[in-house]
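Summary of structural features
Chain by chain, the residues:
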Amino acid sequence: MELGIQGKTALVTGASKGIGQAVAEALAREGVRLFLVARSQDRLAVLADRLQKDGAEVQYLAADLTEPGNTERVLKAARDFGPVELFLGNTGGPPPGTAESLPPEAWQGAFDLLFLPMVRLVQGLLPDMKARGFGRIVFITSLSVKEPVANLALSNAIRAGLTGYLKTLAREVAASGVTVNAVAPGYTRTERVEALFAHQAREEGVPVDAIYRRIEAQIPAGRLGRPEEVAALAVFLMGKPAAYVTGQTWVADGGYLRFLL
Ligand code: NAD
């Protein structure tokens, strides 16, 4: 399928690892110019170097997006690089914990990580997107927005809030050629998930393979997803053919969730 985004500029946050990195790689293959953001300068440098060797045009900025001043720095640098028409909004997952026990600081931290940077970046990018009559905003959320996951109260609640924001925004800007969607991954084999499973195995005193087998048994596909499989959905949503698709959350979970719609 011809996505029609060659030569356009994308801002990809959380780009140094996992799903964000896979989106950056997939966009590079489509000939998209990339502005990459994550916390680790070293990892971004290695990724940018690799993508540039493959012919992509790439710039990057190491920034912790929980600091408000950093979203301004990112916006300025990304706009200087090119008119940003594609935005992949992604950061790391919040810590686990129950709704009953998490202290207010943890809720504030998750809000500052998952919600506020997305709003700040979108508000900075929208005027250009609307003026150009084309924009694609895709957030990476989680299947927890469809079915809350036990002990992930922060993810369940704050990402649900972001989903309410995206639905509202999508309707506000739909007539200007800007779409707003979310991709909700199920279990996806990234470094973060590998670290979580290793931690779980140590806690239980079992081999890490046992943790994988237990999770895989719950997934109809019989395996965890690959970052590039989640990325493919995000990149499709950024393409011209997806112009009439907005305000939705799209799940990539190997059939894990049981609800109908
Ligand atoms: P990851 O930890 O592998 O990568 C996260 C990326 O975000 C990294 O590039 C990191 O540098 C960046 N990041 C983290 N905090 C940041 C901050 N404060 N400022 C700027 N950048 C920051 O995560 P992943 O597994 O690729 O997951 C991506 C998102 O999808 C996360 O929010 C995660 O919770 C969610 N998710 C993942 C899965 C899964 O199975 N992997 C499932 C559901 C939801």
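Analysis parameters
Residues numbered from 1 in each chain as written. Predicted model: local features only at pLDDT ≥ 70, side-chain atom pairs only at ≥ 80, totals over all residues. Heavy atoms only, no water. Pairing = 2+ DSSP bridges. Helix = DSSP H or I, 4+ residues; strand = E, 2+ residues; numbered from the N terminus. Axes fitted to C-alpha atoms, helices over the stretch in contact; angles between N-to-C directions. Contact = heavy atoms within 4.5 Å. Buried < 20%, exposed > 50% of the residue type's maximum accessible area, 1.4 Å probe, protein only. Right-handed = clockwise from strand over helix to strand, strands pointing away. Expected span 1.5 Å × (residues − 1). Salt bridge = Lys/Arg side-chain N within 4 Å of Asp/Glu carboxyl O. Core = buried A, V, L, I, M, F, W, Y, C linked by side-chain atoms within 4.5 Å.

Observations regarding the sheet that holds strand β2 (residues 33-38)
Strand order across the open sheet formed by seven strands is β3-β2-β1-β4-β5-β6-β7, with parallel pairing between neighbours. At either margin of the open sheet sits one strand with a lone partner, and together these are β3 (58-62) and β7 (249-252). Averaged over all neighbouring strand pairs, the angle between strand axes comes to 20°, with direction disregarded. Of the pairings in the sheet, the one linking strand β1 (residues 9-13) to β2 comprises five bridges and is parallel in character. Of the residues in β2, the one forming a bridge with Val12 is Leu36. Packed on one face of the sheet, helix α1 (residues 18-29) meets β1, β2, β4 (84-89), β5 (135-140) and β6 (178-185) and runs near 170° to β2.

Overview of the pairing of β6
Of all eight residues making up β6, eight are buried, and the element is well covered by its neighbours. Of the strand pairs in this sheet, β5 and β6 are connected by six bridges, and their pairing is parallel. Bridge pairing in β6 links Phe139 to Ala182. Once you follow β5 into helix α5 (residues 153-173) and on to β6, the crossover reads as right-handed. Two elements, β6 and β7, share four bridges in a ladder whose sense is parallel. What sits directly across from Val183, in β7, is Trp250.

Considerations on helix α8 (residues 227-238)
Over its 12 residues, α8 extends 17 Å from the first C-alpha to the last, a length consistent with the 16 Å expected when each residue adds 1.5 Å. Its buried side turned inward, α8 meets α1, β4, β5, β6 and β7.

Considerations on the pattern of salt bridges
Counted according to the given criterion, the structure contains 11 salt bridges. In this structure, Arg43 and Glu191 form a salt bridge, with 2.7 Å as the shortest nitrogen-oxygen distance. Taken as a pair, Arg43 in helix α2 (residues 41-53) and Glu191 in helix α6 (residues 191-204) lie far apart in primary sequence, 148 residues in all. The exposure class of Arg43 is partly exposed, given its relative accessible area of 32%. Glu191 gets classed as partly exposed once you look at its relative accessible area, which sits at 43%. The partner of Arg132 in a salt bridge is Glu85, and the shortest N-O contact between them spans 3.3 Å. Remark: Glu85 occurs in strand β4 and Arg132 occurs in helix α4 (residues 104-132); sequence separation between them is 47 residues. Overlapping salt bridges, with partners in common, bring together Lys8, Glu85 and Arg132 in one network.

Topic: the side chain of Gln21
Here Gln21 is to be found in helix α1. For Gln21, the residues in contact, after removing those within four places along its chain, are Gly14, Ala15, Ser16, Leu47 and Arg50.

Side note on the nonpolar core
Residues Leu11, Phe87, Ile137 and Phe139 are the most contacted members of the largest nonpolar core, which totals 38 residues. Elements that contribute at least two residues to this core include exactly β2, α3 (68-81), β4, α4, β5, α5 and β6. For this core, the element with the highest residue contribution is α4, accounting for 11 residues. Ala56, Ile140, Val230 and Ala234 belong to the second-largest nonpolar core, a separate cluster that totals 34 residues.

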